Structures are given as structure tokens and as C-alpha cells.
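# Structural overview for review
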Amino acid sequence: MKSFVSLLLCLSLLNAKARQAKDPATLVQEWNVANNKQDIGTLTFLYDSEVLFYGSKLKKQDCIAGKLSIFKKYPILDQQIAGQIKSEPQENGDVKCSFDKAVTINGATKTYASYLVFHQVNNAWKIVVESDLTTDANVEKRKMKAKGAVLCDVDGDGVKEYAYLTPAPIDTTQEMTCLDESCTSVIRFSNKAIPELRISNCLNAVVDILGDLNNDGKDEIGINPQWWTSCWSGYHVYTLKKGKWIDAIPAISTHCNQWEDGVKPVQKDPKRPGYVFIHYSMMIDDDIVTKTKSIPIK
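Here's what I pulled together on the structure shown here. This is a predicted model, so every value here is computed, not measured. (Residues numbered from 1 in each chain as written. Predicted model: local features only at pLDDT ≥ 70, side-chain atom pairs only at ≥ 80, totals over all residues. Heavy atoms only, no water.)

## Re the sheet that holds strand 4 (residues 95–105)
- Taken together, the six strands give an open sheet; going across it, the order is 2-1-6-5-4-3, and neighbouring strands pair in mixed fashion. Looking at which strands have only one partner, the edges of the open sheet turn out to be strand 2 (56–59) and strand 3 (77–89). Pairwise comparison of adjacent strand axes, ignoring direction, gives a mean angle of 25° for this sheet.
- The pairing of strand 4 with strand 5 (residues 108–121) spans eleven bridges and is classified as antiparallel. Bridge pairing links T104 to T109 in strand 5.
- Across the sheet, helix 2 (residues 24–37) touches strand 1 (47–53), strand 3, strand 4, strand 5 and strand 6 (124–132), and the angle it forms with strand 3 is around 165°.
- Strands strand 1, strand 2, strand 3 and strand 6 of the sheet are contacted by helix 4 (residues 60–73), whose axis makes an angle of about 65° with strand 1. (Pairing = 2+ DSSP bridges. Helix = DSSP H or I, 4+ residues; strand = E, 2+ residues; numbered from the N terminus. Axes fitted to C-alpha atoms, helices over the stretch in contact; angles between N-to-C directions. Contact = heavy atoms within 4.5 Å.)

See the structure below:
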């Protein structure tokens, strides 16, 4: 019995050393075969102790439980790696392997742009990330929605991106004070190629997507900045021009009365291309009234 156990340990050690010598791209193929064979032993060996598993940080045992659940749900599951595996060294020494994964379930095949990230642990490559671009996009959408993000197309490429506002940082130890001198709120976008929009003297705001007001194929953004006091505020309309945010029109003076009456500050002038109607508040004879006029937009 002792000799048999020793033999098993030796074989296990030889197997581990053989895997250690393999590059990540080869291990992707082993991972693929293990999924098709529902080989939990190999998958357990390939995963690190923690894995970012389709957007969720999981312990190895939870990853394996997830795999077992999939195998139970789809006992006849086939996945194939279509085309080449692209290996990309990361700055931290990890290696990202990207590939197309064709998955066939119940006779229907779908292809996913997938990837595994490998990290060296004791001279062996271990999987620390497993996901695909479709899952990543859905995870990002959930994150954006949780931040109160809204859909828009501010760069005019025909693809909707999410926009969300991060409020100005407040100094909770003092009254009416921000941690930064300008009390700046920032609008960021799910498309990282779009520059963030920084709005000073703005504690918080709702991001208004105004549509294409200037007929350039891009959505404009409206912001009514919140401040410590006063019902008066300047409503801003921003447009993206040559990769920079500019004021599409001068700030519109608005009062709480206007907002309570549901009068929006800006809309396209249907009879004059390149012009918009602005609805603004004025003090006349101790009374606050809402006025309207048509002005050009950049």
C-alpha cells in the first residue's frame, strides 16, 4: 500500500512539473479539453486560489461549483477554440490569452470572444481571470445603471454609451465646504475614449440627455448644478466638438418656480435650423416670470 501511495505521489509530482513547463496558450487548450470532458480534477489544478470568474471574485471551490452546475444543466456541452490563441503579456507579469470560443448547446452554436488570464504561482501558470467580452459588457452595464447612468451618443458614432455623474467631494467636517476648492462634479462615460466633463461649482446634478440640438449627429448634455443655497441656477448645455467639451449656448438663468412648473430650459427650434428655444427665469416687478426666445447654438 505504501509503495502504491508513493507511486501516486510521484506521478502527481511528475504531472505537476509537466504542466509547470507548459506555456499559457497550451494550458488554454487543456482548459478547453477539461471543459468538454467535464474533468473537474484538471480544472481544479488550473485555477488559482481566487479567480475573477465572469465578473465575480470567487474562491477556487466556488468556481468549481459553478462549473459543476453548468455541467449538470448541460450534460451534452461542446466548446471549441476557433482560430488562434493570442497571448499578451501584462504589465504585472501575467499573461492574457484571448480566443474565440464556439459553444454548442442542444444543437445551437454561439461564438464568444473569450479570454483567460494566467498568473505564475510557484513557477506554475494558474488561471486568475476567466470571462468573455459579452459578459464584461453586461457587467459594465449593471455597474453603470447602479450609478444612475443614462444612455446617450455624445460622440456621434451611432453607438450608445452610458454617462454618469460623480458628485463633488463634500467636506463633512465643515459647513458648506467641498474637499476641492472648485466643488467640481464630473461626468464620465462607459466609452473611455470620450473625455470626462468637469463642472465646477456643482455639488450634484441630474444628467439630461437633450438629443441632437445642433444637427451634428451627436447628443447634447444639459446640467442644472445644485448648490448650497438659492433657488436660482444657471442651466448649462454642453456639446462635444473635436474631442473637447464646450458650452453650446450661454448658461440659462433658471429659478425653482420654472422647474416646479415643468418648464424645460431648452429645446430645438423646429423652424430655424441651428437655433434652439431657451426658457429662462427673470425677476420683473417683484415677480419671477419665465421668458422664451430663440438663439443660435454652436
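More follows now that the structure is in view.
## Remarks on the nonpolar core
- Counting residues in each nonpolar core, the largest one holds 20 residues, and the members touching the most others are V28, W31, L43, Y47, L116, F118 and I127.
- When residues of this core are traced back to their parent elements, those giving at least two are helix 2, helix 3 (40–46), strand 1, helix 4, strand 4, strand 5 and strand 6.
- Broken down by element, the residue count for this core peaks at four residues, all from helix 2.
- One finds V154, F189, I194 and A205 within the second-largest nonpolar core, a separate group that totals 17 residues. (Core = buried A, V, L, I, M, F, W, Y, C linked by side-chain atoms within 4.5 Å. Buried < 20%, exposed > 50% of the residue type's maximum accessible area, 1.4 Å probe, protein only.)

## Topic: the pattern of salt bridges
- Per the stated rule, a full pass over the model turns up eight salt bridges.
- D219 is the partner of K160 in a salt bridge, and the nearest nitrogen-oxygen pair spans 3.9 Å. Taken together, the residues span a long stretch of sequence, with K160 in the loop between strand 7 (150–152) and strand 8 (161–166) and D219 in the loop between strand 11 (208–211) and strand 12 (220–223) at a distance of 59 residues.
- By relative accessible area, D219 is classed as buried at 10%.
- In this structure, D216 engages K218 in a salt bridge whose closest nitrogen and oxygen atoms are separated by 3.8 Å.
- By relative accessible area, which is 15% here, K218 ends up buried. (Salt bridge = Lys/Arg side-chain N within 4 Å of Asp/Glu carboxyl O.)

## What about the side chain of D153?
- Relative to the elements of secondary structure, D153 occurs in the loop between strand 7 and strand 8.
- At 6.1 Å, K160 is the nearest oppositely charged side chain to D153, a buried residue that forms no salt bridge.
- Side-chain polar atoms of D153 contact the backbone nitrogen of G156, separated by 3.0 Å. (Lys, Arg positive; Asp, Glu negative; His and termini not counted. Polar contact = N/O pair within 3.5 Å; in protein donor to acceptor, adjacent residues only side chain to side chain.)

## Overview of the sheet that holds strand 17 (residues 275–284)
- Taken together, the three strands give an open sheet; going across it, the order is 16-17-18, and neighbouring strands pair in antiparallel fashion. Across the chains shown, the open sheet's two edge strands, defined by having one partner strand only, are strand 16 (266–268) and strand 18 (287–296). Ignoring which end each strand starts from, the neighbouring axes of this sheet average 25° apart.
- Bridging between strand 16 and strand 17 involves three bridges; their strand directions are antiparallel. Its bridge partner lying in strand 17, Q267 is registered against F277.

## Considerations on helix 4
- For helix 4, with 14 residues, the first-to-last C-alpha span of 20 Å sits near the 20 Å given by 1.5 Å per residue.
- Those residues of helix 4 hidden inside the fold are in contact with helix 2, helix 3, strand 1, strand 2 and strand 6. (Expected span 1.5 Å × (residues − 1).)

## Section: the packing of aromatic side chains
- Applying the stated criterion to the full structure yields six aromatic pairs.
- Here F53 and Y54 contribute two aromatic rings whose centre-to-centre distance is 5.0 Å and whose plane-to-plane angle is 90°, an arrangement assigned as edge-to-face.
- On the basis of relative accessibility, which here comes to 10%, the residue F53 falls in the buried class.
- Among the aromatic residues, those joined into a ring-pair cluster are Y47, F53 and Y54.
- It is K96 that lies over the ring of Y115; its NZ or CZ is 4.4 Å from the centre.
- It is K293 that lies over the ring of Y280; its NZ or CZ is 5.5 Å from the centre. (Phe/Tyr/Trp six-rings, centres within 6.5 Å; stacked < 30°, edge-to-face > 60°. Lys NZ or Arg CZ within 6 Å of the ring centre and 35° of its normal.)

## Some words on unusual backbone geometry
- Of note, S230 is a non-glycine position whose phi angle comes to about 80°, a positive value.
- Of note, S230 is situated in the loop between strand 12 and strand 13 (233–241).
- In this model, D286 sits at a positive phi of 65°, which is unusual for a non-glycine residue.
- Summarising the element assignment, D286 is placed in the loop between strand 17 and strand 18.

## Some points on the pairing of strand 5
- If you look at the hairpin formed by strand 4 and strand 5, you'll find two residues sitting between the two strands, and N106 has a positive phi there, around 55°.
- Relative to strand 6, strand 5 runs antiparallel, the two being bridged by eight bridges. Considered in strand 6, the bridge of Y115 is made with S131.
- Counting the residues in the hairpin turn of strand 5 and strand 6 gives two residues, including N122, whose phi is positive at 50°.

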